[in-house]
Amino acid sequence: LVKAAEAGDATALEQKVDFPALRQSLKSEMSGAMRDELRDRGGDLAGSLGMILAPSLMDSAVDALVTPRVVAEVVRTGQRPEARDAVRGSEPEPKASDSRLHRAYGYRDLNTFVVRLTRADRPDQPLRLLMTRHGLFDWKLSGVEFPERA
């Protein structure tokens, strides 16, 4: 996955990503992040309206936004997609791989492998990529876990 992302190999990424599962995971994580952000703004009318409309906007935006290019960007930079960018429908501009990105690898359980991406500028906010086993030896990116908000 990392090699395909760094090479920008969309075909290899498509083989290493379970896009339906990844989209569902991102919808869940981004909806939670958006709820937290709206709640932090206070109980104003616009925030309340946003809480009502956000899930439907988020679903269609994530469906359109999750592409091999965006997956490659997340893996290369460790930068999580932002909820507001998904709603706007904008893809991130490609960036070079961040040499200050630390990757750690490990099993969560027999069928889940975690790639932990920690940026040097946010050492306490790792982004976790969840790989699930497909068959005996194949793994696919199927989910993400955003860092806990402070």
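Please refer to the structure placed before this passage.
In this report, we go over the structure that sits alongside the text. Owing to the predicted nature of the structure, the values given are computational and were not obtained by experimental measurement.

**A word on the sheet that holds strand S1 (residues 101-109)**
An order of S1-S2-S3-S4 is seen for the four strands of this open sheet, with the pairing classed as antiparallel. Two strands in the sheet have a free side with no partner beyond their single neighbour: S1 and strand S4 (138-145). On average, adjacent strands in this sheet sit at an angle of 25 degrees to one another, irrespective of strand direction. In the sheet, strand S3 (residues 127-134) pairs with S4 via seven bridges, with the strands oriented antiparallel. In the strand pairing of S4, Arg-133 is matched with Trp-139. Sitting on the sheet, helix H5 (residues 68-77) is in contact with S1, strand S2 (112-119), S3 and S4, with an inclination near 105 degrees to S1.

**Here's the deal with the nonpolar core**
Counting residues in hydrophobic clusters, the biggest one holds 30 residues, and the most contacted among them are Leu-1, Leu-22, Leu-26, Val-71, Leu-129 and Leu-141. Of all the secondary structure elements, the ones that give two or more residues to this core are helix H1 (2-7), helix H3 (19-40), helix H4 (45-65), H5, S2, S3 and S4. The element that contributes the greatest number of residues to this core is H3, accounting for six residues. If sequence neighbours within four positions are ignored, Leu-22 has contacts with Val-17, Val-66, Val-71, Leu-141, Ser-142, Gly-143 and Val-144.

The rules we used
Numbers given for residues are sequential positions, taken from 1 along each chain in its written order. Per-residue local features are limited, in this predicted model, to residues with pLDDT of at least 70; the limit for side-chain atom pairs, both in listing and counting, is 80 or more; totals at the level of whole chains, interfaces and linings are taken over all residues. Note that water and hydrogens are dropped before the side-chain values are worked out from all heavy atoms of the structure. Each pair of strands is called paired provided DSSP finds at least two bridges between the two strands. Helix and strand definitions follow DSSP, with helices as H or I runs of at least four residues and strands as E runs of at least two, each counted in order from the N terminus. Note on geometry: axes are C-alpha line fits, over the in-contact stretch for helices, and angles between N-to-C directions span 0 to 180 degrees. Contacts are assigned to residue pairs with any non-hydrogen atoms lying within 4.5 Å of each other. Residue types Ala, Val, Leu, Ile, Met, Phe, Trp, Tyr and Cys, when buried and joined through side-chain atoms within 4.5 Å, form a set referred to as a nonpolar core. Buried, partly exposed and exposed residues are distinguished by accessible area as a fraction of the type maximum, computed with a 1.4 Å probe on protein chains only: under 20%, between the cut-offs, and over 50%, respectively.

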